[in-house]
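Structural overview for review
The residues making up each chain are set out below.
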Amino acid sequence: MGAGAPPDVTGPAPPTRHLAGRRFLARAVISFEVVWLALWPPLAVVGVFLCLAMLDVPQRLPGWAHVALLVVVVLAAGGLLLRGLLAGGLPDDRAADRRLESQSGLTHRPLAVLTEKPSRADNLSLALWDAHRARSVTQIGRLRVGGPRPGLARRDPRALRYALLLCVVASLGIANSDAPSRLYTAVTPSLPPPLGVPSTRLQAWITPPAYTRIAPIFLKAEGGTVSVPAGSHLTVNVSGDRTAPVLWLNERSDPFTSLDHSSFQADLDLTRGGVLTVKRDGTSVAVWTLTVIADQPPTIGWGGNPGRQPHSQETRLPWEVSDDYGVTNLQAELHLRDRTDAPPLLVTIPMPGGSAKSAHGISRPDLNAHPWAGLTVTGRLIGRDASGQTGASEERAFDLPERPFHHPVSRSLIAARKTLSLHPDDRGDALEALDELLQRPDLFAGDLGAFTALSGIYYELARNHTGSAVSEAQEMMWQLALHMEEGQTEQSARSLEAARQAARDAMDKAQEQPNDENRKYLAKKLEELREAIDRHMRALMEEAQRNNNVMPFDPKAKQLSAQVMETIAEQAEQAAKDGRMADARQQMAQLEKMLDQLRNARLQGDEGKQASSKQQRGKRQQSVVQDLVARQGSLLDHAQRRGSKGPSARDPAAEREADNQVQRALRRGLGELMQQFTDLTGEASPALGEADQAMRDAATSLDQHEDGVAGERQQQAIAALQKGNQELGQAMARMGQQPGRDQEGEDGQDGDGGEGTMGMMMLDGHQGDGRGTGPLTGSPDEAGSEGRDPLGRVNPRSMTDNADATVPEERERQRTQAIQEELRRRGADRARPRQELDYIDRLLKQF
């Protein structure tokens, strides 16, 4: 540099691009701090308004107050925001430099050196300035911007901002799904319409399907969220303006139907959800968020193993079902395992009333009469809900129970019937079995009708090759087997009971719907009842004569006769035809009372057998309880041995697992025993229930390897089982002392001819008809005493040391002769009905 040249005071050039970038970042951070500080006051105002909106406060205000609140909120938020922005201002390069220097830890403001000049221009000063400026330039590379620091804590030392944030979150939780609709109504005040403009009124409701049993759901006019079952029906009424509104569901629109000049209605079946909107003149009148819940198919399952009901001939079908709105129909579908092409057997299972969402139970149908009885079937449960959806269980295989038969003819018929069920196209084995029976007429004991029926079955199978011949033959086989096993009396009794039920149902229907069709139907059923009574009374007489014995009866039924019952039935039938339903019901009630007496008379003879059967069942159950006690004691020994850590022949873990399985098996056995106890005594055993609970706790303790606790529970189970055995013994003792059973015998005699006496039923069907002298059996005093047959003769098997033992046989012979003469006199009157004449002929053959 020459002597005359001016000194260079610029020094080294600073990195301007790096410095400019740092200054930009610094200005951005400072601007964020200014804006953030300016936003908090208006955000606090908005937060308070949001809390009020979620609590639905603005909607409860009058229209003018609602508008005023919105104006205040907008002005306050806007004013506070403007004030904050103006107070902070926008940062310049000087402010940015100070930010960079403070964040970078630089002293003496080195960035100012880059833009300043020395006050003196001599060489020494310039040299010093250049050195200082060069040192400042080297510090630019270490500049740091730092993060934003708004300094809210200084302005809000009590942290009220967090309290406001908590209030906003809490109010949102209170509003829940209604939050969007409440926010919408909070910013859209409801103003009264201008004068002369009618206000819009909206009513909307959703009617769920009837099977759901859910009440109609009314929608709020201000909107909201609603969930409804699929298939619900929406109805919307809008009134107050001549302009027709439009109903929108998502992108689909449905017009309203005009009711009058200013009222409109829309109906819509809801099959899908979405946003439901009512619009008028392009403006939304109401908005709802709709969720449609699809109906799920029912869940069907077996509640246990199907099969034979213990101590019964019924089929046990345990079931359990569940559905959104309840199962309305349930049936078991059974297939023959060894003949899969056979049509299924459908068994309807009664459901409890009310269509509960979940239910379980045990159906016990009597399928003994079905041709598949005694064969293996596979079954599944099929349930249907009210909407028509179906669900099915898994398949289970089990044997259909069958009625045991003892008569050789009955056993052969049932075996042939099973063969036809398995191989309907191969009739050879069945025909061979029937032919063997036809070669043994002695098995029918002179029952010509039964032998003739067997011949008819044989020729039906041999000559009729149609598909219906097998099923018809199987039905005839069943009826013939019952006839040979039970006799005509039991069959006529079942037919009589069925006719009684049909007459009851017809009477109820005629009372509920009194018209000519129902009255004719009632008259028909009463006629069938009268015929069933006649058949049953004749069967009783024939059975008494065939067995040469007497039947116990209710002493109050001494005047019971077929003619009286037939007369009452005819009167009820005539009253029904004439439309006199009150008289028909009165006659029906009287007839029902007499039939009950008749049924009770037959049942009295079986009471001793039933009581003996119950005693035997009770003894078997006591033996089972004792076996359970012994097995439970063995498990207790194992648990105590493991608890004392003594020597064991087996691995403790393996033994514990085996004991656990045995414990659970014992509990299942106890469950069956409890059911049998209830069936026998009609009441549950509290002690056996305690034993069941103790066994369950013991099994749980074994699962948890708690041998000590398991031993205590097993001791409790043993004590409860012993107590249950005592309860069973007490119940058996009570059964042995039932009313009507005397301590000295089982026939109920009290020795004084009172209510406990035995007597003869008056079975003549023509008492008091004006054609004879009275009942064929005489008066109760003459022929109704104990030990006489239907004709009044002394039964030698029932003779005792009473007065009848000393009556000469000649007296009995004369009485028998008188009865024969009376029968012949009546039989000679050919004006009598054909059925009566046939009946008299059958009686005369007995002599």
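Residues numbered from 1 in each chain as written. Predicted model: local features only at pLDDT ≥ 70, side-chain atom pairs only at ≥ 80, totals over all residues. Heavy atoms only, no water.

1. Things to note about the overall build of the chain
- Broken down by element type, the chain carries 24 helices and 19 strands.
- Relative to its full complement of 847 residues, the chain shows a buried share of 40%.
- Look at the contacts in the chain between residues 6 or more apart in sequence, and 70% of them connect residues 24 or more apart.
- Counting only carbon and sulfur atoms, one obtains 52% of the accessible surface of the chain, whose full area is about 46,400 Å². (Helix = DSSP H or I, 4+ residues; strand = E, 2+ residues; numbered from the N terminus. Buried < 20%, exposed > 50% of the residue type's maximum accessible area, 1.4 Å probe, protein only. Contact = heavy atoms within 4.5 Å. Areas by Shrake-Rupley, 256 points an atom, 1.4 Å probe, with all protein chains shown as cover.)

2. Regarding the confidence of the model for the chain
- Taken over all residues, the pLDDT of the chain has a mean of 75, while the share at 70 or more is 70%.
- Considering only residues more than four positions removed or in separate chains, one finds that residues 1-11, a stretch of pLDDT under 50, has 13 contacts.
- Confidence over residues 548-559 falls short of pLDDT 50; this stretch has 41 contacts with residues more than four positions distant or in other chains. (pLDDT = per-residue confidence, 0-100.)

3. Description of the pattern of salt bridges
- Using the criterion set out here, one finds 17 salt bridges in the structure.
- Of the charged contacts in the structure, one is a salt bridge between Arg641 and Glu655, with a shortest N-O distance of 2.8 Å. Of this pair, Arg641 sits in helix 18 (residues 607-643) while Glu655 sits in helix 19 (residues 652-681), and the two are 14 residues apart along the sequence.
- Judged by its relative accessible area of 3%, Glu655 falls in the buried class.
- Overlapping salt bridges bring together Arg641, Arg642, Glu655, Arg656, Asp659 and Asp707 as one network. (Salt bridge = Lys/Arg side-chain N within 4 Å of Asp/Glu carboxyl O.)

4. Description of the sheet that holds strand 5 (residues 246-249)
- Here we have five strands laid out as an open sheet, ordered 3-10-9-5-6, and mixed in their pairing. Of all strands in the sheet, those bounded by a partner on one side alone are strand 3 (224-229) and strand 6 (252-255). Neighbour to neighbour, the strand axes of the sheet diverge by 25 degrees on average, direction disregarded.
- Sheet topology places strand 3 next to strand 10 (residues 283-293); six bridges connect them, and they run parallel. The residue of strand 10 that forms the bridge with Thr225 is Thr289. (Pairing = 2+ DSSP bridges. Axes fitted to C-alpha atoms, helices over the stretch in contact; angles between N-to-C directions.)

5. Description of the sheet that holds strand 8 (residues 263-270)
- Strands sit in the order 2-1-4-8-7 across an open sheet of five strands; the sheet is antiparallel. Across the chains shown, the open sheet's two edge strands, defined by having one partner strand only, are strand 2 (217-219) and strand 7 (257-260). With strand direction ignored, the average angle separating the axes of adjacent strands in the sheet is 25 degrees.
- With three bridges joining them, strand 1 (residues 201-207) and strand 2 adopt antiparallel strand pairing. Note on strand 2: the bridge partner recorded for Ile206 is Ile217.

6. Looking at the environment of Gly84
- Looking at where Gly84 falls in the secondary structure, it is placed in helix 3 (residues 63-88).
- Separated by 42 residues in sequence, Gly84 and Pro42 place their C-alpha atoms 9.4 Å apart.
- Among residues more than four places away in sequence, those in contact with Gly84 are Val34 and Ala38.

7. Looking at the side chain of Thr277
- Summarising the element assignment, Thr277 is placed in strand 9 (residues 274-280).
- The residues touching Thr277, leaving out its near neighbours within four places in the chain, are Val246, Leu247, Trp248, Ser284, Ala286 and Val287.

8. Here we look at the nonpolar core
- By size, the foremost hydrophobic cluster in this structure holds 26 residues, and its most contacted members are Leu413, Leu434, Leu454, Leu461 and Met477.
- Put simply, the parts of the chain that give this core at least two residues each are helix 10 (408-422), helix 11 (428-438), helix 12 (448-463) and helix 13 (468-486).
- Each residue touching Leu461, except ones within four places of it in the same chain, is listed here: Leu420, Arg427, Ala430, Leu431, Leu434, Ala469, Val470, Ala473 and Met477.
- Ala510, Ala569, Met581 and Ala584 belong to the second largest nonpolar core, which has 25 residues in total. (Core = buried A, V, L, I, M, F, W, Y, C linked by side-chain atoms within 4.5 Å.)

9. Points about the packing of aromatic side chains
- Applying the stated criterion to the full structure yields five aromatic pairs.
- With 5.7 Å between their ring centres and 90 degrees between their planes, Phe405 and Trp478 make a pair best called edge-to-face. Of this pair, Phe405 sits in the loop between strand 19 (396-399) and helix 10 while Trp478 sits in helix 13, and the two are 73 residues apart along the sequence.
- Overall, Phe405 belongs to the buried group, its relative accessible area being 9%.
- What makes Trp478 buried here is its relative accessible area of 9%.
- Ring centres of Tyr458 and Tyr459 lie 5.3 Å apart, and the angle between their planes is 90 degrees; on these two criteria the pair is classed as edge-to-face.
- When its relative accessible area of 19% is taken as the criterion, Tyr458 is described as buried.
- According to the relative accessible area criterion, Tyr459 is partly exposed, its value standing at 43%. (Phe/Tyr/Trp six-rings, centres within 6.5 Å; stacked < 30°, edge-to-face > 60°.)

10. Let's talk about the packing of helix 10 against helix 13
- Across the interface, helix 10 lies against helix 13 with an axial gap of 9 Å and an inter-helix angle of 160 degrees. Here helix 10 lies roughly antiparallel to helix 13, going by the angle between them. Regarding helix 10 and helix 13, the two cross each other, and that crossing is left-handed. Contacts from Val409, Ser410, Leu413, Ile414, Ala416, Arg417, Leu420 and Ser421 in helix 10 reach Val470, Gln474, Met477, Trp478, Leu480, Ala481, Met484 and Glu485 in helix 13. (Parallel < 35°, antiparallel > 145°, perpendicular 65-115°, else oblique. Left-handed = near helix turned anticlockwise from the far one by under 90°.)

11. Let's talk about the packing of helix 10 against helix 11
- The contact between helix 10 and helix 11 brings their axes to 8 Å, and the two run at 165 degrees. Viewed along their axes, helix 10 and helix 11 adopt a mutual orientation that is roughly antiparallel. The handedness of the crossing between helix 10 and helix 11 is left-handed. Judged by residue contacts, Val409, Ser412, Leu413, Ala416, Thr419 and Leu420 of helix 10 engage Asp429, Ala430, Ala433, Leu434 and Leu437 from helix 11.

12. Let's talk about the pairing of strand 10
- Bridging between strand 9 and strand 10 involves seven bridges; their strand directions are antiparallel. Across the sheet, the residue bridging to Arg280 is Thr283, located in strand 10.
- Between the antiparallel neighbours strand 9 and strand 10 lie two residues, among them Asp281 with a positive phi of about 55 degrees.

13. Quick word on unusual backbone geometry
- Residue Asp56 is not a glycine yet carries a positive backbone phi of 65 degrees.
- Mapped onto the elements, Asp56 comes out in the loop between helix 1 (16-54) and helix 2 (57-60).
- Note on Asp56: relative accessible area 16%, which makes it buried.
- Its identity as a non-glycine residue notwithstanding, His705 has a phi of 60 degrees, on the positive side.
- Topologically, His705 is positioned in the loop between helix 20 (686-703) and helix 21 (707-735).

14. Quick word on a nonpolar patch on the surface
- On the surface, a nonpolar cluster with roughly 310 Å² of combined accessible area is contributed by Leu55, Val57, Leu61 and Ile174.
- Mapped onto the secondary structure, Leu61 falls in the loop between helix 2 and helix 3.
- On the accessibility criterion, Leu61 (32% relative accessible area) is partly exposed. (Patch = residues over 30% accessible without salt bridge, like charges linked within 9 Å, V, L, I, M, F, W, Y side chains within 5 Å.)

15. Observations regarding the environment of Met507
- Tracing the backbone shows Met507 in helix 14 (residues 488-512).
- A relative accessible area of 2% places Met507 in the buried class.
- Separated by 69 residues in sequence, Met507 and Ala576 have C-alpha atoms that sit 8.9 Å apart.
- Residues within four places of Met507 in sequence aside, it is in contact with Leu522, Met581, Ala584, Arg585 and Met588.

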